[in-house]
Each structure stands twice: as C-alpha cells, then as structure tokens.
Amino acid sequence: MGFSNVTDSIYYVGVNDHQVDLFEGQYVVPNGMSYNSYVIVDEKIAVMDTVDIHFFQEWLDNIAAVLDGKKPDYLIIQHMEPDHSASIAEFLKVYPDAVVVGNAKTFPMMQQFFGADIAPNREVVANGGTLSLGGRTLTFVFAPMVHWPEVMVTYDAQDKVLFSADGFGKFGALDVEESWACEARRYYIGIVGKYGAPVQALLKKAAGLDIQVICPLHGPVLTGDLGYYLNLYNIWSSYGVESEGVMIAYTSVYGNTKKAAALLADKLKAKGCPKVVLTDLARCDLAEAVEDAFRYGKLVLATTTYNADIFPFMRTFIDHLTERNYQNRTIGLIENGSWAPMAAKVMSGMLEKSKNITWLDTVTIRSALTAENEAQLDAMADALL
C-alpha cells in the first residue's frame, strides 16, 4: 500500500497480508493481517520494527519511497516476535550501517532466531532510556510480558505519539473496513489476555504521558477519542465486564443438553436479559467463544458427562478460559449424565483457582429434560438477571 503520513515527520510503511489463513497458527483472520512499521524522519532517521518475512521486499520498497535516497540511522526493535522482527537481516543487507536499537533481552532473542549475531552495530537501551534524533527525543518504556519479556514501547514527546508494540493491535488488514473493537477484543483476549497485570502496569505508565496518537504493530493508527480505546483496554486487562449479558456455552451428543441450553436462552430473553449469546462449542470459532466469555459478566456451561469426565470441546474451552486468568464472573452449570453425572464436579474443579466466581445452583439432567429441570432452569434464569 506504499506509505502514508501519520504526522508531518512520521510515516506508515507497513504491509497487508491477505495470504495468511490462521494467525499464530490458530486464529482465523478472514480479513487478513497488517504488519505495521513506521519511519521517523528528523535530523536522524529511525525505522520502527520490521514485518513478516514474506513481505520484506514490499516493506523495503515503502521505506525507500519515504527516504528518497536517504539512509536510516536506526532500526528500533520493540518486539522480537517474527511477524515484527523476521526482516531484520534483510533490512541490514540494504542498510548495513544502521544501528539496531533494543534492550538487553532483545539481542539474545535475535541471535536465537537468526542463529548468528546479525547486528554488530547496536545500542542497548535501559528502561526509561532515550534516543535523540535531533529535533526530538524518543523515550523507551519497558513492557515485559505484554506479551513477551523483551517488549518495550516508545514515546515521541514532540509529536505526542506512542508506538505501542502489540498493545492496541487487532486482527484485520488495513485495506478492509471493519469495527475496531470486535477484532481488537478477540486479538487481545486470545493473545495477550493472560497478562492482564502487566498491561495494567503499562496503562499506568501511559497515563503519565501526553498521548495524541497510538501507533500499534497491528491494525490502524489510533487518533481522536483515545479514551475509548484506553477504557476498553482497562476493562479487558482488569478482567472487568464490558457488556451486560449472558453467554451460554454448550456441547451436546444427542440434543438433550442443547435443548436445555436453548430453553435457558429463551427464558432469559423472555425475562428481558439485555444480551444472550448461545454457542455450540463443537461448531463455533473457539476464539470467538473465548472472547464472548470475557466480554459478558455471566456464563453458563452446559455439557454431558463423557468418559467420567466432560465432553472434549468443553474441556478445551475451559482450559482456554483458565489459561487467560478467567475471573470476576457469575457461572451456572448444567450437567447431563444418564447414570453417573460428573460434569459439574469436573467443570467446577477446573475453575477452582479462578478468582471472584459467584456460583449458581447446578442443574442436573438425567438423559432428558424433566418438568423439575425446566423449573430449575427458570430459577437459574432469574438468578442470572
């Protein structure tokens, strides 16, 4: 897509990827991905991060178009994940005199990925360290475990720009129009969600900066009402409730557990629940299901007893929740078992380390729904409102 202006002296030189089908080998990205890189032009010139190796030539062409014969003085590496660092060696073939800027954890990872010391010209920066480009000074703020240990973000006080690494990123290429929040939420919860505490720490540091523009490594440059994006990130990283509503996640073998889940959904809607999401875990996009579980404040898990355990899709779903520190929620359980119901015990055991969970009375079905079960589901619906 060439290059575009972020400010009078900062240029976007990233690329769009419509070849990828699964980002990080697991997340469906129907609208592709962007790999973002930026050039800061001052008395000295700095390039911010690289791109996926499949697009290095397009990226280098974008840089050359911006520089118009000039050479960059610095390549700043904020994050060593290959979608942002894999083209370092290609960059240094074209600009061998450029100084690579990173921190003490950046360069060992660089050698691990490339198998050699490819950056003899380097500057190792400290947390809070600075780099002068002449008219402006860049400040580096370490953001360990957002979402790798070497991550740092960069603040340009002159243009009031925060280069936020993977923070505030989203799925989707930049040549596709779509809502920011939906794909940013799925991206955050799927990839960064485990690390809420480090993100909270970074947000506190960012609160002390005058930020007018956020330049992430995925997704659009953010301007305008930054409070909107900051508020969502605060909710997500504090494991708060973004939207009022109930998610019902179920698995079903012969349709009886599905019938119970659907009946509960109907009862909730009839009682005026603001939002009800009904999800078949065997057929859904798992990342979307995990996103919904974190978005809403109340969750119902409905599954069969299976091999004295729970149905595999439900086990995988709960594993994805607990892996990301699922907490601060109300949970109801619906179990089905024809002779020895075990599902509720297994599910509650899997969630026993989750913090601040309010448990509702369990509904136990033996094969098929009874009038008593229907009354119990009605009571569960009342408790969820």
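Further up the page is the structure itself.
One structure accompanies this document, and this report is about it. (Residues numbered from 1 in each chain as written. Predicted model: local features only at pLDDT ≥ 70, side-chain atom pairs only at ≥ 80, totals over all residues. Heavy atoms only, no water.)

1. Points about the nonpolar core
Quick reminder of the rule: Buried Ala, Val, Leu, Ile, Met, Phe, Trp, Tyr and Cys residues that are joined via side-chain atoms within 4.5 Å together make up what is termed a nonpolar core. Think of it in three bands: with a 1.4 Å probe and only protein chains considered, a residue is buried below 20% of the maximum accessible area for its type, exposed above 50%, and partly exposed in between. Counting from the N terminus, the helices are the DSSP runs of H or I reaching at least four residues and the strands are the DSSP runs of E reaching at least two. We call two residues contacting when some pair of their heavy atoms lies within 4.5 Å.
Counting residues in each nonpolar core, the largest one holds 92 residues, and the members touching the most others are Phe23, Trp59, Ile63, Phe91, Trp180, Leu301 and Phe317. Take this core: its biggest share by element is eight residues, from helix 5 (residues 180–192). Here Phe23 is in contact with Val29, Met33, Tyr35, Asp83, Phe171, Tyr187, Ile191 and His218, once residues within four sequence places are set aside. Formed by 21 residues, the second largest nonpolar core is a distinct cluster that contains Tyr250, Ala302, Ile365 and Leu384.

2. A short note on the sheet that holds strand 15 (residues 161–163)
Applied cut-off: For two strands to count as paired, DSSP must find a minimum of two bridges between them. Axis lines are fitted through C-alpha atoms, for helices just across the contact stretch, and the angle between N-to-C directions can take any value from 0 to 180 degrees.
Pairing in this open sheet of five strands is mixed, and the strands run 12-13-14-15-16 from one edge to the other. Looking along the sheet, the strands with just one partner apiece sit at the ends: strand 12 (130–132) and strand 16 (213–215). When the angles between neighbouring strand axes are averaged without regard to direction, this sheet yields 20°. Inspection of the sheet shows strand 13 (residues 137–142) paired to strand 14 (residues 152–156) by five bridges, in the antiparallel sense. Following the sheet pairing, Val141 is matched in strand 14 by Val153.

3. Digging into a nonpolar patch on the surface
Rules: Like-charged residues within 9 Å of one another, or nonpolar side chains (Val, Leu, Ile, Met, Phe, Trp, Tyr) within 5 Å, are grouped into patches, provided each residue has over 30% relative accessible area and no salt bridge. The Shrake-Rupley method, run with a 1.4 Å probe sphere, supplies the accessible areas, and residue values consider only the shown protein chains as cover. A pairing counts as a salt bridge when a side-chain nitrogen of Lys or Arg comes within 4 Å of a carboxyl oxygen of Asp or Glu.
Taken together, the side chains of Val253, Tyr254 and Tyr306 make up a nonpolar region of the molecular surface, amounting to roughly 370 Å² of accessible area. Summarising the element assignment, Val253 is placed in the loop between strand 17 (243–250) and helix 8 (256–270).

4. Remarks on the side chain of His218
Threshold: Definition of a polar contact: a pair of N or O atoms within 3.5 Å, with one able to donate and the other able to accept a hydrogen when the atoms are protein atoms, and with sequence-neighbouring residues admitted only if both atoms are side-chain atoms.
By secondary structure assignment, the location of His218 is in the loop between strand 16 and helix 7 (226–237). Polar side-chain contacts of His218 include one of 2.9 Å to the side chain of Asp83. Within the local environment of His218, its side chain forms a polar contact with the side chain of His84, the two groups lying 3.2 Å apart. Apart from residues lying up to four places away in sequence, His218 is in contact with Phe23, Met33, Ser34, Tyr35, Asn36, Asp83, His84, Asp166, Phe168, Gly169, Lys170 and Tyr187.

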